[in-house]
Amino acid sequence: MRVSDFLPSTRPWLSRHLLRDEGEVVVDEVRHHWAAYLRPGAEGVLALVLLAVSEVVWIEVAWVPLLAGFVVAGHAAWLGLSAHRDRFVITNMRVFRVHGVLTRSLATMPLSRILDITVRRPLLGRVLGYGHFCFESAAQEQGIRDVRYVGDPYRRDLAIQRVVQRAGLRGGRVNEAMP
């Protein structure tokens with residue numbers, strides 16, 4: 001069981017992006033895999049080291065590691081918050097991504113526009129269980145293309161394929177009793 005199993009399926013910030021009167025429902029809400037927080041965590045540890053070093057160096061130069069520690073801590077916090085506020089949502093009508101800290105951006109793609117989904121799993125992603133999605137569409141410029149640090153990417157890819165199939169946007173089922 002995951003913590004998300006106990007949370008409400010539709011959060012208030014997510015509800016305002018859904019076409020409820022058209023029957024749009026959330027199939028899956030994807031948060032970043034925990035591996036997306038490794039870099040902010042490493043930067044946070046580096047910031048703590050720099051702040052600790054400022055206590056033991058000469059007072060005349062103590063401001064350098066102190067300032068560097070605060071800058072690195074601020075950058076780590078920004079990266080962590082940015083990863084936390086980045087969500088990829090699969091509905092029965094479209095896929096969309098909401099991201100941004102100070103300025104929120106919404107990128108959306110109807111299921112009918114998805115031509116291909118490439119799932120890339122780097123070596124570390126295969127070990128830790130994440131991958132990256134790359135969406136191809138008929139449009140030259142698209143609002144959503146790359147979605148990084150997706151946990152359990154093959155299951156999520158199959159969820160998208162099922163929604164596309166159920167919507168009748170691809171070829172029908174192959175009849176098992178073909179002559």
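Here goes a summary of the coordinates provided. For clarity, every value in this text was computed on a predicted model and none was experimentally measured.

Conventions used here
- Residues numbered from 1 in each chain as written.
- Predicted model: local features only at pLDDT ≥ 70, side-chain atom pairs only at ≥ 80, totals over all residues.
- Heavy atoms only, no water.
- Helix = DSSP H or I, 4+ residues; strand = E, 2+ residues; numbered from the N terminus.
- Expected span 1.5 Å × (residues − 1).
- Buried < 20%, exposed > 50% of the residue type's maximum accessible area, 1.4 Å probe, protein only.
- Arc of directions from axis to C-beta.
- Contact = heavy atoms within 4.5 Å.
- Pairing = 2+ DSSP bridges.
- Axes fitted to C-alpha atoms, helices over the stretch in contact; angles between N-to-C directions.

## Points about helix H3 (residues 63-84)
Between its terminal C-alpha atoms H3 stretches 31 Å, which fits the 32 Å expected from 22 residues at 1.5 Å a residue. Along H3, the residues that are buried comprise Pro65, Gly69, Val72, Ala76, Gly80 and Ala83. All buried residues of H3 lie within an arc of 75° about the axis, which places them on one face of the element. Of the residues in H3, the exposed ones pointing more than 90 degrees away from the buried face are Trp63, Phe70 and Val71. Close packing links the buried residues of H3 with helix H2 (38-56).

## Structural notes on the sheet that holds strand E3 (residues 94-99)
Read across the open sheet, the four strands follow the order E1-E2-E3-E4; overall the sheet is antiparallel. Strands at the two margins of the open sheet, each flanked by one partner only, are strand E1 (26-30) and strand E4 (105-110). Pairs of neighbouring strands in the sheet enclose a mean axial angle of 15°, with direction left out of account.

## Side note on helix H5 (residues 153-166)
Here H5 spans 20 Å end to end across 14 residues, near enough to the 20 Å set by a 1.5 Å rise per residue. Of all the positions in H5, only Pro153, Arg156, Asp157, Ala159, Ile160, Val163 and Val164 are classed as buried. With its buried residues spanning 155° around the axis, H5 presents them on a single face. Next to the buried residues of H5 lie E1, strand E2 (87-91), E3, strand E5 (114-120), strand E6 (130-137) and strand E7 (146-151). Note on H5: the residue one or two positions beyond its end, Gly168, has a positive phi of about 75°.

Note that every value here comes from positions in space, so none of it alone points to a role or purpose.
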